[in-house]
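Listed below, chain by chain, are the residues.
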Number of protein chains: 2
Amino acid sequence: MIEPQIPKGFRDFLPQQMILRRNIMRTMSAIFEQYGFVPLDTPCLEYARTLEGKYGEEGDKLIYRFEDRGGRAVALRYDLTIPLARVAAMYQQLPKPFKRYQIAPVWRADKPQKGRFREFYQCDIDIIGSPGACADAELLLVAHAVLQALGFDNYLIRINNRKILNALAERLGIDSARIPDFLRALDKLDKAGPEAVLQEMQSAQLLSHDAQTIVRERLLGEGDNFEAVAALVADSETGAAGLRELELITRVLEADGVDVRYYQKDISLARGLDYYTGPIFEVVVREPRIGSILGGGRYDDLIGLFTRQSMPATGISFGLERLVTVMEELGMAGKTHSMTQVLVTQFSDELLAEGVKLAAQLRRAGLNTELYHAPDKLKKQMSYAAGRAIPAVVVLGPDEAREGRATLKNMLTGAQEVLAQQDLPAAIHKIFA
Amino acid sequence: MIEPQIPKGFRDFLPQQMILRRNIMRTMSAIFEQYGFVPLDTPCLEYARTLEGKYGEEGDKLIYRFEDRGGRAVALRYDLTIPLARVAAMYQQLPKPFKRYQIAPVWRADKPQKGRFREFYQCDIDIIGSPGACADAELLLVAHAVLQALGFDNYLIRINNRKILNALAERLGIDSARIPDFLRALDKLDKAGPEAVLQEMQSAQLLSHDAQTIVRERLLGEGDNFEAVAALVADSETGAAGLRELELITRVLEADGVDVRYYQKDISLARGLDYYTGPIFEVVVREPRIGSILGGGRYDDLIGLFTRQSMPATGISFGLERLVTVMEELGMAGKTHSMTQVLVTQFSDELLAEGVKLAAQLRRAGLNTELYHAPDKLKKQMSYAAGRAIPAVVVLGPDEAREGRATLKNMLTGAQEVLAQQDLPAAIHKIFA
């Protein structure tokens with residue numbers, strides 16, 4: 001006997017978990033397509049060298065790397081962005097702007113622990129070949145539309161721009177080679193608080209005395225620091241460009257009718273990844289505090305790592321598992337109803353053909369219909385329907401079959417009535433209305 | 001610079017390939033749900049020991065096996081059936097009968113060659129916990145419904161039963177330990193022809209002199225040999241049970257209204273895998289000759305490998321890539337239309353807000369709508385729409401925006417008219433009607 005086990009950090013999704021996941025994925029892909037994004041799939045395996053060196057030192061360690069039979073270093077994809085950059089480099093004939101979506105698993109060789117898995121799903125949209133902030137804004141419109149469609153309400157789209165942060169770093173006298181350290185420290189603000197961030201910047205010797213004061217008062221001060229920092233960088237070319245981009249993004253959000261309570265310019269948003277070059281985004285749910293459910297931003301230099309030609313690109317990524325967690329915790333998932341709408345009973349071999357015909361007729365009428373799998377007692381079949389929350393049962397006994405009739409039982413109310421078989425679809429549809 | 005490459009035997013699916021794949025997967029899952037199957041997902045990685053020893057010697061060699069960082073032997077799943085058996089063993093509380101579907105990639109460490117890939121998709125439905133042939137029949141109803149919905153017509157569902165083949169082997173005096181060799185030889189009939197099959201059986205010393213005659217005349221003779229073999233095994237208990245099961249399956253197909261030209265009992269169908277125990281199935285497309293697009297059967301002893309308790313189960317598996325190949329070769333895929341229905345132009349920063357609002361309005365009216373990504377010349381935007389086969393373009397110039405109007409261009413006919421913005425949705429819907 002083989003012990004039935006699953007590798008650590010991996011999960012099965014039984015139907016009770018899977019139905020919500022499927023509903024989220026369907027809602028997302030419908031909205032992605034509504035905005036003109038087309039599906040694109042990449043394989044799960046990439047050459048390791050394609051992924052390495054893109055996610056920072058910590059990220060590199062988490063790449064799920066191994067050797068294939070031929071001794072080549074391969075890896076399970078770490079995210080959906082680098083494989084897309086590889087695709088954009090390989091197929092340069094793809095017409096631009098190219099707008100794609102992908103919902104697929106990614107892998108991280110992380111320590112398995114509660115809520116942290118080695119296989120999880122990302123849901124990405126990207127626009128390749130459009131340098132303007134209108135493309136970035138569109139990603140946020142889609143994000144907002146998805147969250148609204150899923151029933152979210154208490155969330156905040158945080159918006160910042162690496163150009164503004166770069167201009168700030170310059171203004172603070174930080175050497176351009178040290179900017180990643182500056183951003184990494186700032187990225188910890190939410191979790192560690194302003195004192196810890198300041199201390200990290202100081203111990204890394206990033207800040208002069210004057211710079212410390214500016215950081216403490218303008219960047220890390222209480223409340224909204226965006227305008228204070230904006231004033232500092234407005235006369236730098238990079239900073240002004242970053243500010244104009246954010247202005248355009250908020251104009252688009254406003255024109256689309258997104259309520260101002262859903263988004264905010266936030267100068268403390270840094271995003272961990274090295275490859276962002278322009279607008280960056282994050283969506284946080286205010287309650288429960290679970291961290292971000294979406295992240296992304298512009299990465300104009302990434303595709304150029306493969307082609308040496310610069311190619312503008314921007315993208316966002318939803319974390320499917322986080323969405324599921326929030327929806328379950330807030331009771332937004334609803335009672336997971338059966339997807340089957342009708343069960344047709346089966347009492348004897350003689351009635352089998354009648355049952356098959358009736359089930360086929362109900363399916364043609366658009367009803368998800370199960371024929372009970374074998375002849376059995378009524379009680380057993382009723383308990384099957386009840387256990388799966390199937391809302392309607394059609395009882396087909398020998399007399400009823402002979403007369404072209406059947407008994408419809410409404411499992412929600414307990415009511416039942418004998419009907420002509422051709423009247424069943426309408427009566428069952430009424431149960432759902 | 002990193003050369004953008006992909007590991008051998010793997011593929012990217014750009015939108016032109018992906019849209020058909022997505023359409024097939026959506027059609028399938030809708031029909032699976034129509035028959036009461038629920039989604040279930042398993043991780044891509046399993047412990048290697050879970051997979052090994054289930055697929056026969058040849059199969060074992062193709063398992064995509066490697067060591068994880070902790071030195072544990074893991075493997076990418078080889079099919080969707082063994083992981084399901086593992087799931088059924090791990091979660092014995094799952095209510096039975098349990099009907100699941102899964103559409104997901106599997107991996108084989110095969111030699112990459114034309115048309116043979118290391119990553120490909122299987123689309124499976126399984127019923128666990130139902131021993132009767134009614135469950136097997138239902139799988140075929142679903143297969144038929146899927147093929148009809150996809151537009152297939154020229155196919156044959158081949159049906160056989162391992163019980164009949166086992167009874168035949170017994171009748172031929174073949175030792176039960178040698179039955180797998182007998183089935184493996186028979187399985188080659190389609191490709192190698194009757195002489196080669198007979199020769200393989202003889203050189204494996206499976207057949208006595210009398211048995212050779214029976215095999216040549218009854219099993220491998222020209223035309224339909226089912227009845228000839230049925231007569232040989234009808235007095236064996238196993239053989240008779242197998243025949244009864246097939247009789248029930250064909251009764252269900254008939255009751256459902258499946259035309260007889262779509263299915264056939266076929267005594268030469270053996271199926272390669274060792275684990276089948278009862279009815280077995282295959283669907284072949286008559287033109288183009290591409291081999292089977294679906295295979296499956298009953299595997300009552302498989303889950304018991306993990307639990308020591310017998311648990312009846314049956315399943316079928318569509319090969320997504322084969323379906324795609326046939327649909328493309330037969331021109332069934334249709335012209336892959338853009339999923340975007342309308343493009344709204346963008347001419348200037350001043351018109352941006354108007355464009356965003358209009359696009360939002362069209363989306364609310366149920367139209368997949370793109371706003372052109374940046375201000376540009378009309379000609380460029382028209383060629384974007386034409387290149388993507390977007391059927392409608394809404395041209396929004398400054399005068400039109402001021403007057404609450406827009407020009408609708410029908411890209412299929414070239415016709416255009418100026419309309420009030422609120423009349424656009426109805427006019428665009430008319431283009432598709």
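Small disclaimer: the values here were computed from a predicted structure and weren't measured.

Engineer: When you look at unusual backbone geometry in this model, what are you seeing that I'm missing?
Structural biologist: Negative phi is the rule for most residues except glycine; trans is the rule for most peptide bonds. Omega for the bond connecting A:Lys96 with A:Pro97 falls within 30 degrees of zero, at -10°, which places this linkage in the cis form. Relative to the elements of secondary structure, A:Pro97 occurs in the loop between helix H4 (81–90) and strand E5 (98–107). Cis geometry marks the peptide bond from A:Glu287 to A:Pro288, where omega comes out at -5°. Structurally, A:Pro288 can be placed in the loop between strand E9 (279–285) and strand E10 (292–298). Its identity is not glycine, yet B:Ala389 carries a phi of approximately 55°, on the positive side. Within the secondary structure, B:Ala389 sits in the loop between helix H16 (378–387) and strand E14 (392–395). Note on B:Ala389: 14 C-beta atoms within 10 Å, which makes it partly exposed.

Engineer: What is the right way to look at the packing of helix H7 (residues 179–187) of chain B against helix H9 (residues 194–203) of chain B in this model?
Structural biologist: The packing of two helices is summarised by the inter-axis angle and the distance between the axes. Residue and element names in this part refer to chain B. Here H7 crosses H9 at 160°, and the two axes come no closer than 8 Å. With respect to H9, the element H7 is oriented roughly antiparallel. When you trace H7 past H9, the crossing you get is right-handed. Of the residues in H9, those in contact with Phe182, Ala185 and Leu186 of H7 are Val197, Glu200 and Met201.

Engineer: Looking at this structure, I do not really get the interface of chain A and chain B. What am I missing?
Structural biologist: Accessible area lost during the coming together of the parts is what is often quoted as the interface size. Between chain A and chain B, the residue contacts involve 73 residues of the former and 73 residues of the latter. Grouping the constituent residues of the side of chain A that touches chain B by class yields 43 nonpolar, twelve polar and 18 charged.

Engineer: It is not clear to me how the relation of the copies chain A and chain B should be interpreted in this structure. Could you clarify?
Structural biologist: Comparison of the two chain copies shows a relationship of rotation about an axis with a shift along it. For the pair chain A and chain B, the relating rotation is 180°, the translation along its axis is 0.0 Å, and the fit reaches an RMSD of 0.0 Å. Considering both components of the superposition, the chain copies are consistent with a two-fold axis. In terms of C-alpha distance to the rotation axis, chain A has A:Phe66 as its closest residue, with the C-alpha 3.6 Å off the axis. The fraction of interface residues of chain A whose copies in chain B are also interface residues reaches 100%, indicating that both copies meet through the same surface.

Engineer: Explanation requested: helix H1 (residues 15–34) of chain A in the structure shown.
Structural biologist: For H1(A), spanning 20 residues, the distance from its first C-alpha to its last is 28 Å, which sits close to the expected 28 Å at 1.5 Å a residue. Within the sequence span of H1(A), burial applies to A:Pro15, A:Ile24, A:Met28, A:Ile31, A:Phe32 and A:Gln34. In this structure, the buried side of H1(A) is in contact with E5, strand E6 (119–128), helix H5 (133–150) and helix H14 (320–329) of chain A together with strand E1 (38–39) and helix H15 (352–364) of chain B.

Engineer: Help me understand the domain arrangement of chain A, please; the structure alone is not making it clear to me.
Structural biologist: Splitting chain A by domain gives domain 1 (15–329) and domain 2 (342–432). The centre of domain 1 of chain A, based on its C-alpha atoms, is set 51 Å off from the matching centre of domain 2 of chain A.

Engineer: Help me out: how do you make sense of the sheet that holds strand E4 (residues 73–76) of chain A in this one?
Structural biologist: Within a sheet, each strand pairs with its neighbour through backbone hydrogen bonds, oriented either parallel or antiparallel. Residue and element names in this part refer to chain A. With antiparallel pairing, the three strands of this open sheet are ordered in space as E2-E4-E3. Of all strands in the sheet, those with a lone pairing partner are strand E2 (45–47) and strand E3 (64–67), marking the two edges. The mean inter-strand angle of the sheet, taken between neighbouring strand axes irrespective of direction, is 35°. Inspection of the sheet shows E2 paired to E4 by three bridges, in the antiparallel sense. By the bridge assignment, Tyr47 is partnered in E4 with Val74.

Engineer: Where do I start with the nonpolar core in this structure?
Structural biologist: Nonpolar side chains tend to gather and get buried jointly when the protein is soluble and globular. The biggest cluster of nonpolar side chains holds 254 residues, and the ones touching the most others in it are A:Val142, A:Ala143, A:Val394, B:Val142, B:Ala143 and B:Val394. Excluding residues within four positions of it along the chain, A:Val142 makes contact with A:Ile31, A:Phe32, A:Tyr35 and A:Ile125.

Engineer: Can you help me understand the packing of helix H6 (residues 162–171) of chain B against helix H11 (residues 226–233) of chain B in this one?
Structural biologist: Residue and element names in this part refer to chain B. At a minimum axis separation of 9 Å, H6 and H11 run at an interaxial angle of 65°. Here the hand of the crossing between H6 and H11 comes out left-handed. Where H6 abuts H11, its residues Ile164, Ala167, Leu168 and Arg171 lie against Val229, Leu232 and Val233.

The rules behind the values
Residues numbered from 1 in each chain as written. Chains lettered and ligands numbered in written order. Predicted model: local features only at pLDDT ≥ 70, side-chain atom pairs only at ≥ 80, totals over all residues. Helix = DSSP H or I, 4+ residues; strand = E, 2+ residues; numbered from the N terminus. Buried ≥ 20, exposed ≤ 12 C-beta atoms within 10 Å, placed from the backbone. Axes fitted to C-alpha atoms, helices over the stretch in contact; angles between N-to-C directions. Parallel < 35°, antiparallel > 145°, perpendicular 65-115°, else oblique. Left-handed = near helix turned anticlockwise from the far one by under 90°. Contact = placed C-beta atoms within 7 Å. Nonpolar A, V, L, I, M, F, W, Y, C, P; charged D, E, K, R; others polar. Least-squares fit on C-alpha atoms with pLDDT ≥ 70 in both. Expected span 1.5 Å × (residues − 1). Domains from an automatic or database assignment. Pairing = 2+ DSSP bridges. Core = buried A, V, L, I, M, F, W, Y, C linked by C-beta atoms within 7 Å.

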